Amino acid sequence: MDSPSGTHTPDQARPEAEVIAEHLPAGYTADYVGVSPDAPAASSSSPAPGPDEPTEEDSLLLQGGDIHRDIFKAAARAKMHKRAATFHHPPQFGTSGEDDPGVLTVNEQLAPGGFRRAFLRQAKPRQEWTRRVPVTRTFAEYLDLYGNFAGEDLADSDDEEAIIDEEEDEEERPEDQQPNERRPLLGSRRSSRAAPKSATASTRKSFLILLKAFIGTGIMFLPKAFANGGLLFSSITMPVVSAITMLAFHLLLACRAKYGGSYGDIGEAIVGSKMRNLILFSITLSQLGFVCSGIVFVAENLTSFFEAVLHGQSPLSPTTLILCQVAVLIPLSLIRNMSKLTPVALLADVFILIGVSYIYYYDIAFLSKEGINPTVTLFNPNKYTLMIGSSIFTFEGIGLILPIQSTMAKPERFPMLLGIVMFLITIIFTAVGALCYATFGEDTSIEIISNFPQNDKFVNAVQFLYSLAVLVGNPVQLFPAIRIIEADIFGRRSGKRDQLTKWKKNGLRSLLVLICGGIAILGTGNLDKFVALIGSFACVPLVYIYPAFLHYQGVATSRAAKVGDLLFVTLGIVAMVYTTVVTIVNSFMG
């Protein structure tokens, strides 16, 4: 009888094995006893059967013996002592193979093909290095998500060109020259990164990756954003933007559940290829904006660092520091495999964690002694639009929603998991912004670490390390934009064989870094306004307008759902136009 959980315990499985054994022909065993029943014994240590003992033959000698071999093995296990059959022996990685499921026994190796099976199992590494370090493995998988940003297949495949050439040759080959028996059965091996990812991530691992997807460098822009909006207005705006963003994510997931595929695939399936191109354009624009803001942040943060350490004017201007970053980012942008950045990016996240922890520690300690800064205002009518744009910039993470869901072993839990993560990051983000603004008031700087005691060596170290963290994170942010543009220009051509194609791609990547550096130079001194502009113009369509529009066109059936989608789209368009225009007029034209 089945157990309530639907599984069989050893006690329940034994009667079934005994029933099977009753119907098997007598005189046959699951152990390999030799090539022929008349063959001599392989070892003198094996006792010969007595005159009265029946000689068992190998079940492989039966017709179809290799097919029903497992049935004889199950019958043999049923003959074991009941207590012995329930013992669990820890695996001892010896040579016998009796206790290690990965090593074949002697009898199994003597069976036909046994030596080859044993060799293949021994040649396979038992553990990869990343499997021994769970934190590194999880973070490597997080970086790998950027190869599937917004569900798109953006990873470079080294074998891609060979596969395409082989397919094209087969299509163009005349009928009288079709592959014959001399043609290899297996074609060119496809890169492992091009293979579909298995959905095996646990809920806990998905939680950590999802949390990392949202908590990044944008958290450092929030203190100045709170100063622009006011303490009360900003504290209300953050939960509201979080709730609206959460709703937009659910609309996109509903479209994914019906149509499948990536963000662009969904747009193409519902509207057409133009919608796909528009989505990819918005993704590219937003990612380039993140890179530009990161470059400006590093330049201004390092300027403050040099001023604090040297007790005077910084020897390098922000423009010079931006050019230095460009020189570093160009070779980093040429890296095709993002997993190679795992150690550096993991170290960068440690620096970010140290910086955020110190902010909490200092602000809480200061407020408990000194109280709220008297210059704090509840609402700033002149710059509140900057707060709206910055909050949208901070919560933007739609590009990693679909790939994270695809890796889950239980994707039905993803909506609940997403809700928990959004709730937690809303508390974290709001607390960082409110605490810093309440501590420093109108003196809150966009480089928030420069507000802390500059004569403290630990603060100086955090400021420098945090700048490095943002710097090494920029290639990861740039990767999706690079691959989208490359795919549009070069198609599926790879530079593995064609050096000209490779150098064209390298030139394109270098050009994109130079463009980001040029834009960053223009945004120097206006980082908070620059961040707000990116959030208003680049992130609003991607997060709020497109999901609601796609849901309206392809999923919504009831009148209430369609009206809600139209209101969502209208609100997104109005918010994008209004905040963008006001930010430009007040910040760059005033």
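Keep in mind the model is a prediction, meaning the values are calculated, not measured.

Caption draft 1: Broad picture of a nonpolar patch on the surface. Together, Leu232, Ile236, Val240, Leu378 and Phe379 line one region of the surface with nonpolar side chains, adding up to about 470 Å² of accessible area. Here leucine 378 shows up in the loop between helix H15 (342-370) and helix H16 (384-395). A relative accessible area of 53% means that leucine 378 is categorised as exposed.

Caption draft 2: Representation of the side chain of glutamine 463. Summarising the element assignment, glutamine 463 is placed in helix H19 (residues 457-490). Residues within four places of glutamine 463 in sequence aside, it is in contact with Asn301, Ser304, Phe305, Ile449, Ser450 and Gln454.

Caption draft 3: Geometry of the packing of aromatic side chains. Scanning the model with the defined rule gives 18 aromatic pairs in all. Judged by centre distance (6.4 Å) and plane angle (45°), the ring pair of tyrosine 358 and tyrosine 361 falls under tilted. Placement of both tyrosine 358 and tyrosine 361 in helix H15 is noted, with a separation of three residues, approximately one turn of the helix. For tyrosine 361, a relative accessible area of 58% translates into the label exposed. An aromatic cluster of three or more residues is present, and its members are Tyr358, Tyr361, Tyr362, Phe366, Phe440, Phe452 and Phe458. Here the basic side chain of lysine 562 rests over the ring of tyrosine 552, its NZ or CZ set 4.8 Å away from the ring centre.

Caption draft 4: Quick peek at the environment of glycine 507. Mapping glycine 507 onto the fold places it in helix H20 (residues 499-523). Given a relative accessible area of 37%, glycine 507 falls into the partly exposed group. Taking the C-alpha atoms as reference points, glycine 507 and isoleucine 330, separated by 177 residues in sequence, lie 9.6 Å from one another.

Caption draft 5: Spatial organisation of the nonpolar core. In terms of nonpolar packing, the biggest core is built from 110 residues, with Leu210, Phe214, Tyr263 and Leu418 touching the most fellow members. Residue contacts for phenylalanine 214: discarding those within four places in its chain leaves Phe249, Thr394, Phe395, Gly397, Ile401, Leu418, Val421, Met422, Ile425 and Phe429.

Caption draft 6: How the structure looks around helix H18 (residues 414-440). Look at H18: 39 Å from first C-alpha to last across 27 residues, which is about the 39 Å you get at 1.5 Å a residue. Positive phi shows up at glycine 441, right after H18, with a value of about 65°.

Caption draft 7: How the structure looks around the pattern of salt bridges. For the structure shown, the criterion picks out three salt bridges. Linking glutamate 486 and arginine 483 is a salt bridge whose minimum nitrogen-to-oxygen distance equals 2.8 Å. Highlighted residues: glutamate 486 and arginine 483, both in helix H19, separated by three residues, approximately one helical turn. Judged by its relative accessible area of 1%, glutamate 486 is buried. A relative accessible area of 7% places arginine 483 in the buried class. Across the pair glutamate 486 and arginine 509 runs a salt bridge, and its minimum N-O distance is 2.7 Å.

About the cut-offs
- Residues numbered from 1 in each chain as written.
- Predicted model: local features only at pLDDT ≥ 70, side-chain atom pairs only at ≥ 80, totals over all residues.
- Heavy atoms only, no water.
- Patch = residues over 30% accessible without salt bridge, like charges linked within 9 Å, V, L, I, M, F, W, Y side chains within 5 Å.
- Areas by Shrake-Rupley, 256 points an atom, 1.4 Å probe, with all protein chains shown as cover.
- Salt bridge = Lys/Arg side-chain N within 4 Å of Asp/Glu carboxyl O.
- Helix = DSSP H or I, 4+ residues; strand = E, 2+ residues; numbered from the N terminus.
- Buried < 20%, exposed > 50% of the residue type's maximum accessible area, 1.4 Å probe, protein only.
- Contact = heavy atoms within 4.5 Å.
- Phe/Tyr/Trp six-rings, centres within 6.5 Å; stacked < 30°, edge-to-face > 60°.
- Lys NZ or Arg CZ within 6 Å of the ring centre and 35° of its normal.
- Core = buried A, V, L, I, M, F, W, Y, C linked by side-chain atoms within 4.5 Å.
- Expected span 1.5 Å × (residues − 1).

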